Amino acid sequence: MFTVYTDSISECQAEGKHVVQIPGGLDAKPLTDVPLEVFPDTFRAMILAVSEAVDGPVGYAAAACLSAVATAAGGSVEVVANRTWRRFPVLWVALVGRPGDGKTPATAMMLKPLLREEERLYRQWRDSVDEWESRGEDGPKPVRRRLMADDATAEAVVQLLGESEKGLLLAPDELSQWYRSFASYKSTQKDRSFYLKAWSESPIVVDRVARAGNFVPRHCLGVVGSLQDDLIQELAGHDDDGLIDRMLLAYPGRVPEPHPPIGDGDDGVPEGVERAYDKAIGRLLDLKSGENGPLTLPLSRGARSVFRWLQYGYKSQARTLDGEGPGEDIGFIAKFGDHVLRLSLVAKLMRYASGEEGLTEIDEASVRSGHDLFRWFRGQRLALFGLQKVGGKVGRLVRWARRRGATVVSARSLTTSRIARSSDEAISIFRQAEALGFGSVVERKENNGTYLDFHFDPNKLEFIDI
């Protein structure tokens, strides 16, 4: 696979690899582990505490944390790359894995401050409605401001965005429901087109015959939710317009990831950790747009230099990979600019919320942090789609072994886990996995009988990139 190399240039050239040299010690190789150093202490402590509390991977809590930060600030702040390129912190995050991996509880705990704000907005609206009714319903009925929604049509989303002060987070428990909702009307392509435009922050309008249309010139629409890894192929298989490339996929693989213990053994998140996190999110919720629009954060001179060099490197990579590399990777790195600008803004917002610095510009450290998050999401994507490209039940075998850290799998294991319906089918899956280079089929003698097991190459289980 082509990589943007930043060291050993002569060695890479000698191997015949295309090289794009980026100055400043920037490493553009995908990451397999969460770059926890990007998160200030307040957020890192909460991420680790939530992961321990739900007995799940650090990656799920980290991804949900980014969504919470982006939503709390919403359309009150924007990053400006140049006069015509400005972005809100719009993140579409999918936590990918199997049932029971801890996706839903991790998301719920990280979004708890947003839910409290949603409740506050509801009570405020109810009080306004009561007062309006006491006046004999004189004047327009008060509008309910929303911050979150879990199930809404494109038409409803436009209306909610138009009525929201900061934007909206779509947070369905299962993102498969959101994706399949595109087919809830006959005008499926229009609804899909709506979401494609929403991610790009383009002006959106939705018209239905039964009512007047809704129009929102600028908006901040985030998405977060869970997605089973077996369903990601369905999403990618029908993706010819780049919808999947807009998603930040968190796929930690084997669970749980090791992380240092926090607290005194209590099953929940320590009170002090949660209180500090709530305070930080609250500081972002307090951000408001001014009379002239959102708070504008331009790239500093150093940040602009780093961003432009990275953009050049990834554009060169996308052109080199075109037609040769995996499409899921090419499409993602082609959207490097928008992803990194937004992730850099979120990195800056976390430092502001923690009280470390103010909000005047996006500095070089924020861009480097945003890039590290991009590298991590890219690594998650490569691991996920590498497994998916194995295909069918061989892919299920590999995922099953990775989650359990198993390097030897018996035919009986495949039948009891319902990956195979019989021993003969299990052996057939073993032979396919062997042909794909994942390991070897080995005879095992036991109780006067001969059995076939599959022995994985451990290196293939850690990070598969096909």
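Residues numbered from 1 in each chain as written. Predicted model: local features only at pLDDT ≥ 70, side-chain atom pairs only at ≥ 80, totals over all residues. Heavy atoms only, no water.

> I tried to follow the packing of aromatic side chains on my own but got confused; where do I start?
For any pair of aromatic rings, geometry is given as the distance between the ring centres together with the angle between the planes. One pass over the full model with this rule turns up 16 aromatic pairs. Ring centres of Phe43 and Tyr277 lie 5.8 Å apart, and the angle between their planes is 85°; this geometry places the pair in the edge-to-face category. Within this pair, whereas Phe43 is found in helix α2 (residues 41-54), its partner Tyr277 is found in helix α10 (residues 271-285), the two being separated by 234 residues in sequence. For the residue pair Phe43 and Tyr277, the accessibility class agrees, reading buried in each case. Each ring, one from Phe430 and one from Phe454, has its centre 5.7 Å from the other, and the planes form 25°; the classification is stacked. Of this pair, Phe430 sits in helix α17 (residues 423-435) while Phe454 sits in strand β13 (residues 449-456), placing them 24 residues apart in sequence. With respect to burial, Phe430 and Phe454 carry one shared label: buried. Through a chain of ring-to-ring contacts, three or more aromatic side chains come together here, namely Trp85, Phe307, Tyr314, Phe332, Phe336 and Phe374. A cation over an aromatic ring shows up here: Arg342 above the ring of Trp199, its NZ or CZ 4.5 Å from the ring centre. (Phe/Tyr/Trp six-rings, centres within 6.5 Å; stacked < 30°, edge-to-face > 60°. Helix = DSSP H or I, 4+ residues; strand = E, 2+ residues; numbered from the N terminus. Buried < 20%, exposed > 50% of the residue type's maximum accessible area, 1.4 Å probe, protein only. Lys NZ or Arg CZ within 6 Å of the ring centre and 35° of its normal.)

> Help me understand the pattern of salt bridges in this model?
Between side chains of opposite charge, a pair can form when the charged atoms approach closely. One pass over the full model with this rule turns up 23 salt bridges. Close ionic contact of Arg218 with Glu78 constitutes a salt bridge, the shortest N to O distance being 3.0 Å. Of the two residues, Arg218 sits in the loop between β7 (211-216) and β8 (221-228) while Glu78 sits in strand β1 (residues 77-82), which places them 140 residues apart along the sequence. Given a relative accessible area of 31%, Arg218 falls into the partly exposed group. (Salt bridge = Lys/Arg side-chain N within 4 Å of Asp/Glu carboxyl O.)

> I would appreciate a short explanation of the sheet that holds strand β11 (residues 408-410) in the present structure.
Sheet strands associate in pairs through backbone hydrogen bonding, adopting either a parallel or an antiparallel arrangement. Read from one edge of the open sheet, 3 strands run β11-β13-β12, paired in antiparallel fashion. Bordering the open sheet on either side are β11 and β12 (439-446), each of which pairs with just one other strand. Each strand of the sheet is rotated relative to its neighbour by a mean of 35°, with strand direction disregarded. (Pairing = 2+ DSSP bridges. Axes fitted to C-alpha atoms, helices over the stretch in contact; angles between N-to-C directions.)

> Would you mind going over empty space enclosed by the protein with me for this structure?
One simple way to see leftover space: roll a probe sized like a water molecule over the atoms. One pass over the full model with this rule turns up 5 cavities of 30 Å³ or more. Of the pockets and cavities examined, the second largest cavity occupies roughly 80 Å³. If you trace the second largest cavity, you find 14 residues lining it, with Ala70, Thr71, Leu168, Cys220 and Gly222 closest to the centre. Going through the elements one at a time, α3 (58-73), β5 (168-170) and β8 are the ones with two or more residues in the lining of the second largest cavity. (1 Å grid on protein atoms, 1.4 Å probe; cavity = no way out; pocket = protein on both sides within 12 Å on 5 of 7 lines; lining within 4 Å. Points joined across faces, edges and corners; volume = space filled by probe spheres on them.)

Distances and angles like these do not, on their own, reveal function.
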